[in-house]
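# Notes for the structure review
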Amino acid sequence: MHDTTIEIAATPDAVWAVLSDVTSWPAWDSGVTSVDGTLALGERITVSVAANPGRSFPLEVTELHPPHRMVWTGGRPLGLFRGERTYTVEPVDGGGSRFRMTERFSGLLAGLITRRIPDLQPSFDRFAAGLRATVEAD
């Protein structure tokens, strides 16, 4: 599991406006090279990352509750491997927000596949810091 949490000096609506504009992620997160697709429940999003050039990750938007939560899910057929990334934005006292991003893996092949995945914590932390910098600059 990977997890990052950061406080942002902006309302959940302001955070969500930047977070939900997925095609602009490469402008503020150097780890993401492109995001294609429409952010809508049941739709496919394809993410390309700098850490794995030439490979993209097709994901399905399996939950979407603006401005507080979205979940993207991908993996292998028959439940052999499943990755689930959750983005949450919640209000905090004083008018700010708390952003949290988590990723969990499950399925029969999870142990084997996750051993080959590099440590994603630095990219999670960079994503959260980039989101905060972008939201707070507006």
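Counting restarts for each chain, with residues numbered from 1 along the sequence as it is written. Restriction of local features to residues with pLDDT of at least 70 applies here, the model being predicted, together with a cutoff of 80 or more for giving and counting side-chain atom pairs; totals for whole chains, interfaces and linings are based on all residues. Computation of side-chain values: all heavy atoms of the structure, hydrogens and water removed.

The next subject is the sheet that holds strand β2 (residues 32-37). The strand order across the open sheet built from seven strands is β1-β7-β6-β5-β4-β3-β2, with neighbouring strands paired in antiparallel fashion. Looking at which strands have only one partner, the edges of the open sheet turn out to be β1 (2-8) and β2. Across this sheet, the average inter-strand angle for adjacent strands is 20 degrees, counted without regard to direction. If DSSP finds at least two bridges between two strands, the strands pair. Only runs of H or I of at least four residues qualify as helices and only runs of E of at least two qualify as strands under DSSP, and these elements are numbered from the N terminus. Direction of pairing for β2 relative to strand β3 (residues 44-49): antiparallel, over a ladder of five bridges. Note on β3: the bridge partner recorded for Gly37 is Ile45. What makes two residues a contact is simply this: any of their non-hydrogen atoms within 4.5 Å. For helices, the fitted axis covers only the stretch in contact; all axes are lines through C-alpha atoms, and the angles between them, taken along N-to-C directions, range from 0 to 180 degrees. Lying on the sheet, helix α1 (residues 12-19) is in contact with β1, β4 (56-65), β5 (69-75), β6 (82-91) and β7 (97-106); it crosses β6 at an angle near 145 degrees.

With that settled, consider the pairing of β6. Where β5 meets β6, seven bridges bridge the pair, whose relative direction is antiparallel. If you follow Arg69 over to β6, its bridge partner there is Thr88. In the sheet, β6 pairs with β7 via ten bridges, with the strands oriented antiparallel. Within the sheet, the bridge partner assigned to Arg82 lies in β7 and is Ser106. Counted between consecutive antiparallel strands, the loop separating β6 from β7 contains five residues, among which Gly94 sits at a positive phi close to 95 degrees.

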